[in-house]
Amino acid sequence: MRQEISDNLARLTVLIMAFVISGYAQAETIAPNTPTPGFNNKIPEQIMTPNKVKTRIGDLTFYDGLPDSATLTKIYDNLDFIRGIDVFLNFIPATSLEAIRLGNVSLGADKSNKVIVFDDLMDSNSLFLTGNTDTVYASAILDLEKDGVTVVEVPAGSGPGTLNDAFFRFVVDMGAPGPDAKKGGMYLILPPDYKGELKVTKNGMADRKEDQRVEIEVGGVTKKVWVAQSRSYTNWLILRGFLKDGKPDHAAKMFRGGLKIYPLAKAKNPPKMEFINGSNKAFNTVHANTYEFYEELWHVIQKEPILFIDPELRGQAASIGIKKGLPFEPDSRMKKILHDAVSVANATARGISLRPRDKNAYLYEGKQWYTGFVGGDYRWLDGDGIGGRNIDARILYFYSATVNTPAMALEIPGVGSNYAFDTTDKNGEILYGHKNYKLNIPADVPAKDFWSIVVYDPQTRSQLQTDQPFPSKSNKRDELIYNKDGSVDLYFGPKAPKGKEANWTQTIPTKAWFVLFRTYGPLETWFDKSWQLNDFEMIK
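Residues numbered from 1 in each chain as written. Predicted model: local features only at pLDDT ≥ 70, side-chain atom pairs only at ≥ 80, totals over all residues. Heavy atoms only, no water.

1. A word on the pairing of strand β10 (residues 214-218)
Across 5 bridges, the pairing between β10 and strand β11 (residues 221-229) is antiparallel. Considered in β11, the bridge of Ile 216 is made with Lys 223. (Pairing = 2+ DSSP bridges. Helix = DSSP H or I, 4+ residues; strand = E, 2+ residues; numbered from the N terminus.)

What follows is the structure, encoded as structure tokens:
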């Protein structure tokens, strides 16, 4: 009897436990489906907006997901601020080229047949983003809207030359990296809206094995020409000539005697070429870092055809009031926001360009030198486009430099040029003008043509203005004192170390500075990094 009672109690306990467990399970199944207040069903929390949200722009208040008036003011002010920053960072290439156009005009080069030649080299008087002191520049602005198809005759012996469009995109190389390979020749540049029979020729380095030129009538005479087409009306032609016996005379004479630019339609009677010496003249080619930046951009948008940039970029500019065919007239609220936005955007660009955080920018493990062409692509495409466009890499380059050509990114020994930036000493500290530094350049610099190092002002990103008109050193122009092992010690500071004057570049006590090291005709050991630059060392 007792055993029967015990067995029944055991069965009852099991049933009770089963019931309890079943109840919990049922509760767990039902609880998640409990309707959210105000809804018929349970709504996922991740799609809901609380009535109050704390953010970096302040507390945001909502009624059932609808922002109140105070929140609307905050979010739209912030949106306009963000877009003002984006426009600055993304349109630096456009305003930079516009500033170069305005700089040319300021010296009287207001037509394509008027060319600025730095007969006596580029010195620190001109404001020009990281311009060099060791090649003779020839600078011209093409206006394809006004002139139509334009002829450019490049003289034999021309060094690196490039044509860039109004967004600093590559159009065609000329001279050393171009299809003429320093032999000279005739190029035709087609406008973006060209509708004729001419077709773009193959103009890359890989196409040099065969003559890619086509025959056309130029001024009633049959000529063989290379053909390229731009996406914009405004284009910048920049040619460089190498020194001969350390002097610029030969290159300057070459450009003045052999460079010709004229409309194809006027080939029978082309406008006379005019050459303006840009050396030892103070003029500006650097874009604004203030509200005026947006006004510079407005002028570019008005000049160029709609398809000059894609709808995404056009939409960015339009979002702050910069539209083709319309005046740029922001109200007082918007103007105040844009003044703030451009200040933050400029600071951001300075950080990206002069103190990059991208580890891929740095050339050597544990050293401070970095490249201007992060990713090794002149289009700044990450992984040839798989990772999209590396926007920060484009900002890094164009905030501090000009000229866009595949030759500066290609690793072809002995061809083109390659650069390295440095803005700090070996400890990562700013290079101060009141302190003294030494830089040891190892022997056997991998440069077929020559190497140089130029000191720049971080404010203007142009040559540092000191008592020395050329704040630089070059193995081709300067008589340097070399060490027994073939290396050379360069000195930087407010005063020259005794006995080392030939190797000294002056700095200004109240300013900072940075450098670009250039190799013209870089060799294999530059690319494989078996030869490396040393860092700056502070000395007493």
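Structure's up, so let's keep going.
2. Focus on the packing of aromatic side chains
Counted according to the given criterion, the structure contains 34 aromatic pairs. With 4.4 Å between their ring centres and 20° between their planes, Phe 450 and Tyr 520 make a pair best called stacked. Taken together, the residues Phe 450 in strand β17 (residues 447-457) and Tyr 520 in strand β22 (residues 514-522) connect sequence positions 70 residues apart. You can call Tyr 520 buried: its relative accessible area is 0%. Each member of the aromatic cluster is reached from another via a ring pair, and the members are Phe 118, Phe 128, Tyr 137, Phe 168, Trp 236, Phe 283, Phe 373, Trp 380, Tyr 397 and Phe 398. When the ring centre of Trp 226 is taken as origin, the NZ or CZ atom of Arg 213, which lies over that ring, is 5.1 Å away. Positioned over the ring face of Tyr 399 is Arg 461, at 3.8 Å from the centre of the ring. (Phe/Tyr/Trp six-rings, centres within 6.5 Å; stacked < 30°, edge-to-face > 60°. Buried < 20%, exposed > 50% of the residue type's maximum accessible area, 1.4 Å probe, protein only. Lys NZ or Arg CZ within 6 Å of the ring centre and 35° of its normal.)

3. Comments concerning the pattern of salt bridges
Summed over the entire model, instances satisfying the criterion amount to 16 salt bridges. With a closest N to O distance of 2.7 Å, Arg 256 and Asp 119 form a salt bridge. Taken together, the positions of Arg 256 in helix α5 (residues 249-258) and Asp 119 in the loop between β4 (114-117) and β5 (135-143) put the pair 137 residues apart, joining distant regions of the chain. Judged by relative accessible area, which is 36%, Arg 256 ranks as partly exposed. Judged by its relative accessible area of 13%, Asp 119 is buried. With a shortest N-O distance of 3.0 Å, Arg 213 and Asp 211 are connected by a salt bridge. A relative accessible area of 42% means that Asp 211 is categorised as partly exposed. Among the ionic contacts, a cluster of salt bridges with common partners joins Lys 52, Lys 54 and Asp 59. (Salt bridge = Lys/Arg side-chain N within 4 Å of Asp/Glu carboxyl O.)

Treat this as a map of the structure, not an account of what it does.
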